[in-house]
Amino acid sequence: MIKDFEYYLPKATEQALTLFSKNSAYKAGGIDLLDLLKENIVSYDSIINLSGIDSLDFIDTEIDLKIGAGVSIQKIADSQPIQKYCPALSESASEIATPHIRNIATLGGNLCQKPRCWYFRSKDFDCSRKGGKVCFAIDGENKYHSIYGNQDGCAFVNPSGMATVLTALNARLQILTKKEIKTINLRDFYYLPAEKLTCEHKLNDGEILLSVTVEKENLLRKNYYCKIKEKQSSDWPIAEICIIGGINSLGNFENVSIVLGSAAPIPWRMIKEEKKLEGLQATTKYIGNVVESSFSDANPLRDNAYKVKLFRTLLYRGLCSIAGLESER
Ligand SMILES: Cc1cc2nc3c(=O)[nH]c(=O)nc-3n(C[C@H](O)[C@H](O)[C@H](O)COP(=O)(O)OP(=O)(O)OC[C@H]3O[C@@H](n4cnc5c(N)ncnc54)[C@H](O)[C@@H]3O)c2cc1C
């Protein structure tokens, strides 16, 4: 049984902000929020539905790419400018869940959804993420859990496919607070368990995610996205990668940004590999060398060492694609 709650449908973000009180939650598409309510993992005194706020539903490509937090995942997948300038973003959107879910789920909700770890989602496990003492995934069923960032008491993976691509694109978030509109870089938005164990991101209570901006300069770089699923029809990723980057006139890698999804509790940047690639000649030999030396710092759990192999293949294929080379793997 879901606990009774007050329900509000404001027409403007300022009104939503005012309606928010001590134990309230915002709802966008409700795909994640309603699941959590039905499972009694969360309960609230009031729910404020943001889906009646038109100002959150826009895609603007005039200067940079700016997407309102209320835009549906399907709209992102279908947007022609996004398909043209950033196929990685539209591919990632079109790979999320099912058509029905994509039509309802929003960008804001996708970025702010809670962990999909089965221990977190079950009332039977008082896990560390819910304030308990133990992460049951560390020694339990951890086939789908993290290989990075899992040594500080929680091993879930960040569930957002949009976050993987938008982190690689170095996107910025515009957030409405009671005092101002502030900007946070998506790369700084999520907490690792070591920083905060029971909270995923840096939105404070009541703050509203308004929009996400990607600078045109980043959109114009080459991009690669791939999601590996256990089944071909709609499924969560078991490994996901986005690479944004360029090749300079000498044929060397330049400004490469690599982000893994389903690898860690945050979109996982491969900063060491990015540095190794800077100025490196883009040949299959050099790419192979970088890939061979990667993932030595990963910490796979009992059931998920297979992810390291998958990620190595994705990294190799992605870098070859950015370099315009045929992948041999
Ligand atoms: C079967 C299934 C398969 C899925 N597969 C994938 C997948 O492959 N990849 C993937 O990325 N996702 C996947 N998802 C997750 C799905 O994409 C998310 O649940 C959905 O995007 C959430 O969006 P929503 O608008 O429904 O959010 P809601 O459920 O409404 O909200 C989620 C959270 O975000 C907060 N929130 C929402 N909007 C705002 C805002 N503007 N400001 C402040 N806070 C806000 C809410 O308060 C809530 O905490 C899957 C889900 C299901 C059920």
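Residues numbered from 1 in each chain as written. Predicted model: local features only at pLDDT ≥ 70, side-chain atom pairs only at ≥ 80, totals over all residues. Heavy atoms only, no water.

## Points about the site of the ligand
As a structural note, the neighbourhood of the ligand is formed by 31 residues, with Y26, A28, G30, T106 and G161 the closest of them. The contact in question runs from an oxygen atom of the ligand to an N or O atom on the backbone of G30, over 2.7 Å. A distance of 2.8 Å separates an oxygen atom of the ligand from a polar atom in the backbone of L33. Calculation on the ligand without its partners gives an accessible area of 980 Å², and the protein chains cover 89% of this total. Those elements giving two or more residues to the shell around the ligand turn out to be β2 (24-27), α2 (31-38), α7 (107-112) and β8 (208-214). The element best represented in the shell around the ligand is α7, accounting for 4 residues. Tallied by class, the residues present in the shell around the ligand amount to 17 nonpolar, 9 polar and 5 charged. (Near = heavy atom within 4 Å. Polar contact = N/O pair within 3.5 Å; in protein donor to acceptor, adjacent residues only side chain to side chain. Areas by Shrake-Rupley, 256 points an atom, 1.4 Å probe, with all protein chains shown as cover. Helix = DSSP H or I, 4+ residues; strand = E, 2+ residues; numbered from the N terminus. Nonpolar A, V, L, I, M, F, W, Y, C, P; charged D, E, K, R; others polar.)

## Details of the pattern of salt bridges
Taken as a whole and assessed by the stated rule, the structure comprises 16 salt bridges. Of the charged contacts in the structure, one is a salt bridge between K182 and E207, with a shortest N-O distance of 3.2 Å. Here K182, found in strand β7 (residues 181-185), pairs with E207, found in the loop between β7 and β8; they are 25 residues apart in sequence, far enough to count as distant. No difference in accessibility class separates K182 from E207, as the two residues are buried. A salt bridge links E274 to R269, with the shortest nitrogen-to-oxygen separation between them at 3.2 Å. (Salt bridge = Lys/Arg side-chain N within 4 Å of Asp/Glu carboxyl O. Buried < 20%, exposed > 50% of the residue type's maximum accessible area, 1.4 Å probe, protein only.)

## Description of the sheet that holds strand β9 (residues 222-229)
As a general point, the strands of a sheet are linked pairwise by backbone hydrogen bonds and lie either parallel or antiparallel. Taken in spatial order, the 4 strands make up an open sheet running β9-β10-β11-β12, and their pairing is antiparallel. The strands lining the two open edges of the sheet, one partner per strand, are β9 and β12 (268-269). Two elements, β9 and strand β10 (residues 237-247), share 8 bridges in a ladder whose sense is antiparallel. The partner of K229 across the bridge, within β10, is P237. Along the sheet, helix α13 (residues 306-323) contacts β9, β10 and β11 (253-261); its crossing angle with β10, the most-contacted strand, is approximately 25°. (Pairing = 2+ DSSP bridges. Contact = heavy atoms within 4.5 Å. Axes fitted to C-alpha atoms, helices over the stretch in contact; angles between N-to-C directions.)

## Description of the domain arrangement of the chain
Partitioning the chain into structural domains gives domain 1 (1-54), domain 2 (55-113 + 157-217) and domain 3 (220-323). Computed over C-alpha atoms only, the centres of domain 1 and domain 3 are separated by 37 Å. (Domains from an automatic or database assignment.)

## Thoughts on the packing of aromatic side chains
Here the structure, examined in full by the defined rule, presents 9 aromatic pairs. Ring geometry for Y119 versus F136: centroids 6.0 Å apart, planes at 35°, classification tilted. In this pair, Y119 is assigned in the loop between α7 and α8 (136-139) and F136 in helix α8, connecting sequence segments 17 residues apart. Judged by relative accessible area, F136 falls into the partly exposed class, the value being 29%. Arranged with centres 5.1 Å apart and planes meeting at 70°, the rings of F189 and Y190 form a pair that is edge-to-face. The same class applies to F189 as to Y190, namely buried. Taken together, the ring pairs in this structure connect Y148, W268, F295 and F311 into an aromatic cluster. Taking NZ or CZ as reference, K216 lies 5.6 Å from the ring centre of Y85, over its face. Positioned above the aromatic ring of Y316 is the side chain of R329, whose terminal nitrogen or guanidinium carbon lies 4.0 Å from the ring centre. (Phe/Tyr/Trp six-rings, centres within 6.5 Å; stacked < 30°, edge-to-face > 60°. Lys NZ or Arg CZ within 6 Å of the ring centre and 35° of its normal.)

## What about the packing of helix α12 (residues 284-292) against α13?
Their axes nearest at 10 Å, the elements α12 and α13 cross at an angle of 150°. Classified by the angle between their axes, α12 and α13 sit roughly antiparallel to one another. Relative to α13, α12 is oriented so that their crossing is right-handed. On α13, the residues touching T284, I287, G288, V291 and E292 of α12 are R312, L315, Y316, L319, C320 and A323. Looking at side-chain class alone, the contact of α12 with α13 contains 7 nonpolar, 2 polar and 2 charged residues. (Parallel < 35°, antiparallel > 145°, perpendicular 65-115°, else oblique. Left-handed = near helix turned anticlockwise from the far one by under 90°.)

## Comments concerning α2
Looking at α2, one finds that the buried residues are D32, L33, L36 and L37. In a view along the axis of α2, the buried residues occupy a sector of 130°, so they form one face of it. Where α2 is buried, its residues touch β2 and β3 (46-49). The first or second residue beyond α2 is N40, which carries a positive phi of 55°. (Arc of directions from axis to C-beta.)

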